[in-house]
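Observations on the model geometry
Now for the letters of each chain:
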Amino acid sequence: MKVLSVASEIQPLVKTGGLADVAGALPAALGPLGVEMRTLVPGYPAVMAAAKGGRKLRGYAALFGGRAAVIEAEAAGLSLLVLDAPHLFDRPGGLYGGNGADWPDNWRRFAALARVAADMATDASSAWQPDVVHAHDWQAALAPAYLRYGATPRFPTVVTIHNLAFQGHFPASIFPELGLPPQAMSVDGVEYYGGVGFLKAGLQAAGAITTVSPTYAREIRTPAFGMGLDGLLTLRGESVVGILNGIDVEAWNPVADAYLSASFSGRTLGARARNRKAVEERFGLEPGNEPIACIISRLTWQKGMDVLAGEFDRLLGTGLKLAILGSGDRALEGALLAGAARHRGRAGIVVGYDEELAHLMQGGCDAILLPSRFEPCGLTQLYALRYGCVPVVARTGGLADTVIDANEAAVAAGVATGLMFSPDNGDALADACRRMVELYGDRKVWAAMQKQGMRADVSWSRSAARYADLYRSLVSKG
Ligand code: ADP
């Protein structure tokens, strides 16, 4: 079974969020199951540098306004097909924009990626022809549409929604340049609220739709979470499935993690104290016996960071300390910096993106807070489980599917792995923090919860098998 994965970011080369982790980890998880996965990625500068010495597979004299080529390369243990198109991807700044604004040609950049994916899939002269195309998020979602309106309309395709909030919605005026036939500009094609919807087009055309947790798969079929696509997702019914993300258990392994001050296992939890001390130093926290709760997150409304900022004083009043790592919304950064300044020694914040520090925090903090308004899967609570850092999460999406709340019965049965709260407001968050501080006071119960979390299977093994089954069922349906 050969699968062409199409992704706009991939760990460890280029990353803005969980999509990169998934795109980077899936190929290795699928290999042992007989699925050979290659990933088509944009030739951003960091990717081009990693792909040096690769072999040119295919050339385009003109692809959406410039010369382009597909380069086959092995990099960081990944089999890549790199879309080398300097006019689209060779620029300084972020993957999707710079100076706070999206790149104005994003539609062209990602239509090109999808166009090339469809070409690669159907090129009979190619030595490597995939059986399935697996497109991730709106940036890749036109690939199934190009296939559907091309010579092989029944080509097996999967679209995975990592976050329905990002849909790739553009004005209708771009349509003529996409190279799709006129009939594609219709409600059952790419048309979306009068414009062109990349994700919408993919959801309409794909053989199967997955999202990254069973709860999110249900939520997105409701108006509250569907963001305009709930009707279409409900219509697609059985074709929409939730498959939980796993994590890279090699990169995130507390027993052998070079970013920790001290490695540890479930049997040597005492060693976490050294990591905790390093966190205290890094965030300017005074030593003490209070639990340190951390946040490792994009600072956005989705992640409930406005609720956190609004409740800052009340949360600290519960007796916890806070260590925050994140970046995003400038106003939220400011509000959290101000909160930390009001509670010097008890709250600290590092504004920025720091992978090494994220590891240290998971290995040294006592809890992690995730007050997300919606969370398709969430990865940080999975890392936390593996690192004995107890997740305190809103009851939504993948958070609801991966944490077992420490209610009385769950604690008595020894199955609790974290704390869960709803609704997603400040009162419920503050209550959960109060409950967390109390549980932390009972060291036996707390340690049992840490160990139970560390025993949870957060690897890719089960979910990779579900993807493999899905690919096979699509191919056999033909
Ligand atoms: P999302 O993709 O919505 O941002 P996920 O939980 O799925 O959320 O994935 C976020 C990923 O990004 C995790 O790997 C997390 O550790 C990482 N991350 C987020 N913010 C930071 C940060 N400021 N520094 C380091 N890593 C971060």
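Refer to the preceding data block for the structure.
Just so it is clear, the structure is predicted and the values come from calculations on it, not from any experiment. (Residues numbered from 1 in each chain as written. Predicted model: local features only at pLDDT ≥ 70, side-chain atom pairs only at ≥ 80, totals over all residues. Heavy atoms only, no water.)

**Notes on the pattern of salt bridges**
- One pass over the structure, following the stated rule, counts 24 salt bridges.
- Between Arg-108 and Glu-177 there is a salt bridge, with its nearest N and O atoms 3.9 Å apart. Within this pair, whereas Arg-108 is found in helix H4 (residues 106–122), its partner Glu-177 is found in the loop between strand S10 (169–170) and strand S11 (191–192), the two being separated by 69 residues in sequence.
- With a relative accessible area of 27%, Arg-108 lands in the partly exposed category.
- By relative accessible area, Glu-177 is classed as partly exposed at 47%.
- Here Arg-276 ties to Glu-280 by a salt bridge, and the two come within 3.6 Å at their closest N and O atoms. In this pair, Arg-276 and Glu-280 are both assigned in helix H11 (residues 272–283), four residues apart and thus about one turn of the helix distant. (Salt bridge = Lys/Arg side-chain N within 4 Å of Asp/Glu carboxyl O. Helix = DSSP H or I, 4+ residues; strand = E, 2+ residues; numbered from the N terminus. Buried < 20%, exposed > 50% of the residue type's maximum accessible area, 1.4 Å probe, protein only.)

**Observations regarding the sheet that holds S11**
- If you trace the three strands from one edge of the open sheet to the other, you get S10-S12-S11, paired in antiparallel fashion. Two strands in the sheet have a free side with no partner beyond their single neighbour: S10 and S11.
- Sheet topology note: the S11/strand S12 (residues 195–197) ladder contains two bridges and is antiparallel. Each bridged residue has a counterpart across the sheet, and for Tyr-192 the counterpart in S12 is Gly-195.
- Across the sheet, helix H7 (residues 198–205) is in contact with S10, S11 and S12; its angle to S12 comes to roughly 60°. (Pairing = 2+ DSSP bridges. Contact = heavy atoms within 4.5 Å. Axes fitted to C-alpha atoms, helices over the stretch in contact; angles between N-to-C directions.)

**Examining the site of the ligand**
- Near the ligand, the surroundings consist of 19 residues, among which Gly-18, Arg-298, Lys-303, Gly-352 and Leu-379 are the closest.
- Between Lys-303 and the ligand, the recorded distance is 2.9 Å, taken from a side-chain N or O atom to an oxygen atom.
- Here an oxygen atom of the ligand sits 2.9 Å away from a polar atom, N or O, in the main chain of Leu-379.
- When the ligand is considered free in solution it has 550 Å² of accessible area, and contact with the protein chains removes 92% of it.
- Contributions of two or more residues to the shell around the ligand are made by helix H1 (18–30), strand S15 (292–299), strand S16 (321–328), helix H15 (355–364) and helix H16 (380–386).
- With three residues, the single largest contributor to the shell around the ligand is S15.
- Across the shell around the ligand, the residue classes tally to six nonpolar, seven polar and six charged.
- Counting residues domain by domain, the shell around the ligand receives three or more from each of domain 1 (2–246 + 461–476) and domain 2 (269–455). (Near = heavy atom within 4 Å. Polar contact = N/O pair within 3.5 Å; in protein donor to acceptor, adjacent residues only side chain to side chain. Areas by Shrake-Rupley, 256 points an atom, 1.4 Å probe, with all protein chains shown as cover. Nonpolar A, V, L, I, M, F, W, Y, C, P; charged D, E, K, R; others polar. Domains from an automatic or database assignment.)

**Focus: the pairing of strand S17 (residues 347–351)**
- Most of S17 sits inside the fold, with four of its five residues counted as buried.
- Relative to S17, S16 runs parallel, the two sharing five bridges. If you follow Gly-326 over to S17, its bridge partner there is Val-351.
- The handedness of the S16 to S17 crossover, carried by helix H14 (residues 330–342), is right-handed. (Right-handed = clockwise from strand over helix to strand, strands pointing away.)

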